[in-house]
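Structure assessment
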Amino acid sequence: MTLFQAILIGLFAYLGSKRTPWFFGVAGGWNMIGRPLVAGLIIGIILGDVRSGVIAGAMVQALFIGQITPGGAMPADVNWAAYIGIPLALAAGGTGEQAVALAVPLSMLGLGLFNFIMTINAYFAHMGDKAAAKGDGAGIHKATYLAAVPSFILRGGSAMLICYLGTPLAEFLINSMPEIVLHFFEVAGKLLPALGFAMLLKQSLAKQWMIVLFLLGWVMIGATSMSVTALAVFATAVALVFVMAQGETKVVAAPAANTSAEEEDDCYEE
Amino acid sequence: MKNKNENSLLTKKDIDKAAWSYIFFAQATQNFERMMGLAFCHVVEPILKKLYKDNPEEYKRALQRHMQYYNTEPQLGALIPGITIAMEEARAKGEDVSEELIVNTKNALMGPFAGIGDSMVVGTYSPILLSIAMSMCMNDGNPVGPLFFCVVWLVTIVAMQWYLFHKGYSMGIDAANLFFKNKSLADKITTGLTMMGLIVIGGVASTTVSAKIAYQFVSGDMVIGIQEQIFDKIMPGVLPLILTLVVWYLLDKKKWSATKIILAIVVFSAVMVALGIM
């Protein structure tokens, strides 16, 4: 990996981290550029191997598909997993399985960095407090812009340095591994995504019987040659039939409440 | 927009600017102490400056009340700053809106919106899109997969934030009531999305998780490939399905932590590989 490639990866690692305003805020940054699937494409373009990048991205994505970050409490650091795990695996000539294997420990180590930035960033809130106490609006904006600096240095810098310096080590590790260890990574790399889906199941199952829906989806794709896009259309139909059959009366009540609330314009009585 | 009444202190342009500022900066200053507090103040400051331009003391107090702890799911939560701006405008017009009411409204809304936003936007909508995108590129590395995700996600989420922000401003506190009163409609959307998500995610899981038995049973001339002749006969992918359900059982019912499960999978794989079973 050249230094220039490492710098580009560091830059995108920053753009995909949690505190970046630059590209439509949290929607375009953390929730888009920061997703391993998208990271895989970006890293693939930077390293000149789009195909491997996208496949590795999709495999690492599966590992983290069930991860949501309520209240900033993060179970694992997706940013390091995506922007260090994928490039290191690709640069060392590895594949998606190696990216998954690297992503797991990196996501745990990255948590330390995440918590560190979340802690030191309180400094800028205090800076904002002082500005607010003086009635200094420009000071609020200044504190907001300055809050991007530690993220940029730590997120971008760490990804760049580890990718650049870690490539020879990752190359050495992957090339000197005996056949059986490589095979182990392959097996573990294909099993670990089960955790991602299990986490998603844990948080989505509103009622226990809904596990059948998961089984239905699995069997339909596993046993037929249906594409997932076709399955999505089918799933939408199933969900609609269920929701509609639940009771028509409630649907009628909804628009009525809508209009009555819209008629009252400026009422803050309550 | 409904707020085109003649005595409005803010123009459509002011609100548009604040909406963009929110979309870009909502999460920009996140920290453990205030979470999104500073960014919230940053978003509403230009509005406050205009509303309280003749009253520096009130302006200062307004800045301080929006510096407080604030935390929600920023994407669905775009309704809340809209409501806040409507309330600040009413206060500036001399209506009976106390500081406490503004602060309490924000605090009362941020919890429910965080809950619904995390489970619906981040926990269901995003995984559905990611699943469809992953299925497009998992085998052949087709860049259409990630590009599909980027375009659909960005367009829908930015449009949703824009709509909610403006809805919050034009309806004020009624927007929140509307949201909570229509509980049956919200429940339907939630149930429908969850059901759809579970089916799609089941499909993608079947193409992603894999486990193959390499072991072959040999007895004289007879060779039985356990994978091909037993498991594939039952149902292709039956083994990874069982393993995924076991992981879910350990996670959800046995309350294992993610780290413990990762270790268990690693040990399981190592043993299986060492024994030559997988």
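Computed from a predicted model, the values in this text were never measured in an experiment.

**Some thoughts on the packing of helix H2 (residues 25-33) of chain A against helix H6 (residues 144-171) of chain B**
Remark: H2 of chain A packs on H6 of chain B, axes separated minimally by 10 Å, with the N-to-C direction vectors making an angle of 145 degrees. Here the hand of the crossing between H2 of chain A and H6 of chain B comes out right-handed. Residue-level inspection shows Ala27, Gly28, Asn31 and Met32 of chain A of H2 of chain A in contact with H6 of chain B, the latter providing Phe149, Cys150, Trp153, Leu154, Ile157 and Gln161 of chain B. Looking at the contact of H2 of chain A with H6 of chain B residue by residue, the class counts come to 7 nonpolar, 3 polar and no charged.

**A few points about the layout of surface pockets**
Residues and elements named next belong to chain A. In this structure, the second largest pocket spans a volume of roughly 310 Å³. Along the walls of the second largest pocket sit 15 residues, with Leu88, Leu102, Pro105, Ala170 and Leu173 positioned nearest its centre. Residue assignment for the lining of the second largest pocket shows that the elements contributing at least two residues are helix H6 (96-120) and helix H9 (148-176). By residue class, the composition of the lining of the second largest pocket is 13 nonpolar, 2 polar and no charged.

**Here we look at the packing of aromatic side chains**
For the coordinates displayed, the defined rule picks out 15 aromatic pairs over all chains. A centroid spacing of 5.4 Å and a plane angle of 50 degrees characterise the contact between Phe184 of chain A and Phe185 of chain A, whose relative ring orientation is tilted. Assessed through its relative accessible area of 16%, Phe184 of chain A is described here as buried. Aromatic side chains Tyr125 of chain B and Trp153 of chain B sit 5.8 Å apart centroid to centroid with 25 degrees between the ring planes, which places their arrangement in the stacked category.

**Examining a nonpolar patch on the surface**
Residue and element names in this part refer to chain A. A cluster of nonpolar side chains, contributed by Leu3, Ile7, Leu161, Ile162, Tyr164 and Leu165, occupies part of the molecular surface with about 530 Å² of accessible area. Of all the secondary structure elements, the ones that give two or more residues to the nonpolar patch are helix H1 (3-15) and H9. The greatest single-element share of the nonpolar patch, amounting to 4 residues, is contributed by H9. By relative accessible area, which is 59% here, Leu165 ends up exposed.

Cut-offs used in this document
- Within any chain, residue numbers begin from 1 and follow the written order of that chain's sequence.
- Chain A is the first chain written and ligand 1 is the first ligand written, with later ones labelled in order.
- Two thresholds apply to this predicted model, a pLDDT of at least 70 for residue-level local features and 80 or more for giving and counting side-chain atom pairs, whereas whole-chain, interface and lining totals are computed over all residues.
- To obtain the side-chain values, all non-hydrogen atoms of the structure were used and water was disregarded.
- Axes here mean lines fitted to C-alpha atoms, for a helix over just the part in contact, with angles spanning 0 to 180 degrees between N-to-C directions.
- Secondary structure elements are taken from DSSP: a helix is a run of H or I of four residues or more, a strand is a run of E of two residues or more, and numbering for both begins at the N terminus.
- Crossings are sorted by hand: turned counterclockwise from the far helix by less than a right angle, the near helix makes the crossing left-handed, and turned clockwise it makes it right-handed.
- Whether two residues touch is decided by their heavy atoms; if any such pair falls within 4.5 Å, the residues are in contact.
- Three classes are used, and their members are as follows: Ala, Val, Leu, Ile, Met, Phe, Trp, Tyr, Cys and Pro are nonpolar, Asp, Glu, Lys and Arg are charged, and the others, Gly among them, are polar.
- A 1.4 Å probe that fits but cannot get out identifies a cavity on a 1 Å grid over protein atoms alone, an open set with protein on both sides within 12 Å along at least five of seven lines counts as a pocket, and a residue lines either if it has an atom within 4 Å of a point.
- Grid points are joined across faces, edges and corners, and a volume is the space filled by probe spheres set on the points.
- Side-chain rings of Phe, Tyr and Trp, where Trp is taken by its six-membered ring, are said to pair if the distance between their centres is within 6.5 Å; with planes under 30 degrees apart they count as stacked, over 60 as edge-to-face, and otherwise as tilted.
- In this scheme, a residue with accessible area under 20% of its type's maximum is buried, one over 50% is exposed, and one in between is partly exposed, where area comes from a 1.4 Å probe on protein chains only.
- Two distance rules govern patches: like charges are joined within 9 Å, and nonpolar side chains (Val, Leu, Ile, Met, Phe, Trp, Tyr) within 5 Å, applied only to residues with over 30% relative accessible area and no salt bridge.
- What sets the accessible areas is the Shrake-Rupley method with a 1.4 Å probe; for residues, cover comes only from the shown protein chains.
- One side-chain nitrogen of Lys or Arg within 4 Å of one carboxyl oxygen of Asp or Glu is enough to make a salt bridge.

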